[in-house]
Structures are given as C-alpha cells and as structure tokens.
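Below, each chain spelled out in residue letters.
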Amino acid sequence: MIVLGLIGWAGRGWAHDATACLVVDGVVVGALEQERISRRRYSTAEAAEDAALALLTAHGLSAADVDAVGYAWGAPPEEDVRRLGSPLPGDVAVTADHTEALLPRLAGQLRSREVMYFDHHLCHAAQTYWMNPHHEADVLVLDGSGGNCSTSMYHVRDGEFRLLERHPAKHSLGILYEAAAYYSAMGWNAAGKLMGLASYARPSGRRLMTFDPADGAFGFEPGTGMADRLRSEDGDEIAAVWLRMFEERVFPYSGRSGNVFDYAAFAADVQLTLEELGLALADRLHRLSGSDQLLLSGGVTLNAHMNRRIAESGWYRGVSATVAPHDGGTAVGAAMLAAATLGEPVAPWSGAALPIMLGPAPGQASAEAFASVGGAAEQVEPEKARAEAAEVLAGGGVVAWFDGPAEFGPRALGARSLLADPRRREAVDRINRIKGRAPWRPAALSLTADGFTALGLTPPLDGLSEYMLCAHPVSEEGQRLAPAGVHVDGTTRAQLVPEETAFGQLLTDYAERAEAPPALINTSLNTRGEPMVLHAEQALALMQECEEVDLLVAAPYVVRR
C-alpha cells in the first residue's frame, strides 16, 4: 500500500510548515518539507504538492499509484464528511471536497480524491511513536495550538492510542514563548533566538505561567489578571494578550528597543518558566500513566534545555523525540495513521539507521550541476573529498557539506551543513556572517561518541542527542578546547554522530589532522531567510554568494574557492 501524508493548505494563512511524507507497505521511505523546493521559509499558505511529487518521483512512483492520502488536521467543520469508525481518539473524517487545495495539480491523478483527516495532536503523537522503537510509551505533545488545544497526553501500546488529558490553546507554552520572542524585538518564529538570549542573564524568579501536576491546573503570575484575560482560544488573540501584559509589566515596556540585550533577563525568566512547565507536565503524564518511556513531540520540543531537564528529572527511564517534532513531522503521523486505519501492518521504527535522511537523493541533476561549473569542480574519490574537507577545516576554513539524501526536519544533521573548527573563536563570527545572524547567537556541535568524552560533555541521551535536541553541559577543559562551540552558559546543543557514517568519518578525519577531538561546528546550509538547500545548484549558488565559504564538498565532487 502506498500512502501520502500531508500538512499544508494552499491559500490558507494559518497553514505553515507544509510537508509531505511517503509510506510504502507500512514503512516511512521519504519525507520532505515544501520550503526546500519552493524556497519560501515555513511555506506559509502553501500546499505540499511539490514535496509530494519529488518523493514519488524519487521512488519511481506517480500520483496514480497512491492508495490513500492522510492529512494532519481535522476536516473543515463546515463540510459534509464521512466519519470512519475507528478506535483512534477523535474522529477520522473523509471527504474529497478540498483535495485541490492540498494537491492542486495532482488531485485529478489520484486513485481516489478522498482524503482522510486526523486530529493534529494525534498526528504529532503518531509520528514520534512510529519513528521510535518503543512498542509502549507515554507521549507528551507540546506546541502552539492545533485542533483547539496546545498540550496533549497519550499512552500508546502496540499502536493503540489512548488520550489521557488535553489542555486548551489559552494555556499554550508555544504561544507564550513565541510572543515573548516577538516582544524581545526578534520577530515571529524566533523561539530559537530567545533560547540563546536567555543564557546571557540570570532569571529573576518570576513565573509567567505555572502548572500543578497533582490536579492538572494551570496558573499565572499574581497580579497580571491573565486567567481572566485569556478567554479566547484563537492563537493570534492569545499572543496579543501576552504582548499587552508584557508591555504593562516587563522592562523595557516595549517590544521596540534597539538593543536585544535589554530583554535578556526577561528571556531568562521565560526560559525557566518553560522548563518548569515542561517538567510539571511530564510529571503529570507519568502520574496518569506510569510508563517507563516518554516520547516528546510538538514545536516546543525544539527547546533543547527543556528536553534535558525532562530527561534528567527521573520521571521516566528514557525520553526520546524525533528528527522533526515541529508541525512538518505531523505529515509522517498522518501517513502512518492512514495506513493503519486501512489495515496496513505498521510498527515502530526498526531500521538499522535512524529516520533522519528521508529527503530525495541528489541524482543525475546534481552531477549535471557540478559539471556545469567547469574547472572549479573536480571529481575525486569520496575518501579524498573528506580528506580535503578535513584539511580545510583544520586550517580554519569553512566547508559547505552536501552529502546524499537531505535530512528531514529543521536541523542540519550532516547532509546539508556549514562546518567550521570549534577551536577558533573567529569561526563563529565567520559562520554568523555567512548566515546573516547576530554575533551573539550560539553555535552547535556535532561530535562522535569519542568527541563527547574528549570534551567532557554530559553523556548522550538516546532519542534526543542524535537529533540535536538536547543542551549538554561541557567541562571546563572542553570549553577550553572548543570555545567556539560552547555557549556563554557552558552548554552546547550537541549532535551525536555515528562514526560509520560519511559525516562521522569526516569528524574522525578532522580530528586526526587537527590533533583535536572529533567535533565540528555544524549549522544548516543556507543564508538568512532561506530554507536549507536541497539541490546541488542551490549549494553552488550559496558558495558563489558567500566568499567566506572556502570549500564545497558534495562527494564525489569538490568545488574550491
């Protein structure tokens, strides 16, 4: 059975992170964000059709081969829909009324124009369940809002999902955090920036929102009146209420200060509020269920400091997430739910490799793009390409690393990366200039297991560190050895890289030449406002635009400055 999972809607302003997932015979074989093709960040108001077509083509399929389509949002309430009897929490609605909005050009080529619509949070839960190896687990979904809620708690056993508790959008951790980032003069979609800024100040002790794990009740800072103010369940209105409260009670009483560090103490308070909310919600779920394993999903799961505190809290023996906890990942959940609903045998991920490199392989078009460069590009053996990259990195250069199928999700994990030497403080400045990022922003490290040990990081956490979803404290000696990869709070958002992969071998080659730990600064291969590159011509264009990129490696090709 061939199933497409989708998120994204043409012409709808609320739709974002448009993504397609391809499932064949109950196994995820590909997933891709629409922004990688359309080149519009977050692909707002877009369908994921181009992404779907790219996945189908990469696997030798067409729209006519698709047996079912699952969509990661409930069907529009105004439509007449067919309800499927299902043991899943929430209705499974089926309708053909909006297929053109989801697949504008491909709708007429499908075997059936009917689309199966699933609860958004259930899709979050399904993608983290089926992209992990655990047959039984609790699932905590934390996001902005979706399906009229912001937090959902599930228990799953052998593919059977049981909804334990749900909290409304007005208590959204994600909206609080995004509104705080906007108030701090960093704009929308700036949660990552706020997390970085929070490390430059100490929390004052204020808690903007609280949660009692014993009775499942949210509370607010005394005197703010937020409990009465937050009556709407509309995300934009909830954000507006938070912004008005910030202007009344948060120095500098405006979201328009020219100095972002004016908001550092506020950012520290918001970050601590988020961490303690995440801890309390995990505690609550454990009280309701008591499973040994916790799976995380939702956009809030991108907060690496919160994840570490939950993992170290002791509520659960193991805490895991996925490569794509954000809304794009729900396309995976929708596809797997559709397959399971139609009777396809599906099971938690059991592949030898982690479900990370799910994008289409470069293919012949990549070879043609490098051939068009002429003398600047040379075709060499992969080992020689890695050796040259390691030499450039050890010498202080910046390498654009383009390797095989693209990684799924918002993190660069060794397929589309900008790399630099963490021993050199100026490396962060070079990377930030290429990316158009503020100079105070932190850098992340990719390391092998030996790199974790050599730099004195806290041990990797299975299911988090592989996806760069955990902030790891670094020893004093490690901070001395890799100063450019450690933030001002003494942590790094670290990725554990398997040594047997091409990226892991590059880390080893670099370590041998530099006589340093196998660790590199790693950030996504893109410039400011652009999505990560997908195709070779985009990587070539980036190198031509950015003079500080010294070498582009796309084995078997190298392109020199």
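The structure this text deals with has already been given above.
What this report covers is the structure whose coordinates are included nearby. Predicted, not measured: the structure shown is a model, and the values here were computed from it.

Cut-off values and rules
- Residues numbered from 1 in each chain as written.
- Predicted model: local features only at pLDDT ≥ 70, side-chain atom pairs only at ≥ 80, totals over all residues.
- Heavy atoms only, no water.
- Helix = DSSP H or I, 4+ residues; strand = E, 2+ residues; numbered from the N terminus.
- Contact = heavy atoms within 4.5 Å.
- Pairing = 2+ DSSP bridges.
- Axes fitted to C-alpha atoms, helices over the stretch in contact; angles between N-to-C directions.
- Polar contact = N/O pair within 3.5 Å; in protein donor to acceptor, adjacent residues only side chain to side chain.
- 1 Å grid on protein atoms, 1.4 Å probe; cavity = no way out; pocket = protein on both sides within 12 Å on 5 of 7 lines; lining within 4 Å.
- Points joined across faces, edges and corners; volume = space filled by probe spheres on them.
- Nonpolar A, V, L, I, M, F, W, Y, C, P; charged D, E, K, R; others polar.
- Buried < 20%, exposed > 50% of the residue type's maximum accessible area, 1.4 Å probe, protein only.
- Lys, Arg positive; Asp, Glu negative; His and termini not counted.
- Salt bridge = Lys/Arg side-chain N within 4 Å of Asp/Glu carboxyl O.

Quick look at the environment of Tyr467 now. For Tyr467, the location among the structural elements is in the loop between α15 (449-454) and β19 (471-473). Sequence separation between Tyr467 and Arg157 is 310 residues; the distance between their C-alpha atoms is 24 Å. Discounting chain neighbours no more than four positions away, the residues touching Tyr467 are Ala321, Thr322, Val323, Leu354, Pro355, Ile356, Arg411 and Leu413.

Here we come to the sheet that holds strand β1 (residues 2-7). Taken in spatial order, the 7 strands of this open sheet run β3-β2-β1-β4-β7-β6-β5, and their pairing is mixed. Edge positions in the sheet fall to β3 (27-33) and β5 (82-84), since each has one partner strand and no second. Looking at each pair of strands side by side, their axes are set apart by 25 degrees on average, direction ignored. Where β1 and strand β4 (residues 68-71) come together, 4 bridges link them in parallel fashion. Directly across from Leu4, in β4, lies its bridge partner Val69. Where helix α11 (residues 330-341) meets the sheet, its contacts fall on β1, β2 (19-24), β3, β4, β5 and β7 (115-117), and the angle it forms with β1 comes to roughly 140 degrees.

What follows is about the sheet that holds strand β23 (residues 557-560). Read from one edge of the open sheet, 9 strands run β15-β23-β22-β16-β17-β21-β18-β20-β19, paired in mixed fashion. Two strands lie at the open edges of the sheet, namely β15 (377-379) and β19, each paired on one side alone. Neighbour to neighbour, the strand axes of the sheet diverge by 35 degrees on average, direction disregarded. One ladder, built from 3 bridges, connects β15 with β23; its direction is antiparallel.

A few words now on the environment of Asn526. Topologically, Asn526 is positioned in the loop between β21 (519-524) and α18 (536-545). In sequence terms Asn526 and Ser291 are 235 residues apart; their C-alpha atoms lie 40 Å from each other. In this structure, Asn526 is in contact with Leu418, Lys435, Pro531, Met532 and Leu542, ignoring residues within four places of it in sequence. Here the side chain of Asn526 touches Lys435 through a polar contact of 2.9 Å, side chain to side chain.

Quick look at the layout of surface pockets now. In this structure, the second largest pocket occupies an estimated 620 Å³ of space. Contributing to the lining of the second largest pocket are 37 residues, with Ala353, Leu354, Ile356, Glu466 and Pro498 lying nearest its centre. Listed by contribution, the elements that provide at least two residues to the lining of the second largest pocket are β14 (318-320), β20 (491-496) and α17 (502-514). Among the elements that make up the lining of the second largest pocket, the one with the highest residue count is β14 (3 residues). Tallied by class, the residues present in the lining of the second largest pocket amount to 21 nonpolar, 11 polar and 5 charged.

Moving on to the side chain of Glu33. Secondary-structure assignment places Glu33 in strand β3. Despite its burial, Glu33 remains without a salt bridge, the nearest opposite charge being carried by Arg36 at 4.0 Å. Apart from residues no more than four positions distant in its own chain, Glu33 is found in contact with Ala18, Thr19, Ala51, His326, Phe408, Gly409 and Pro410.

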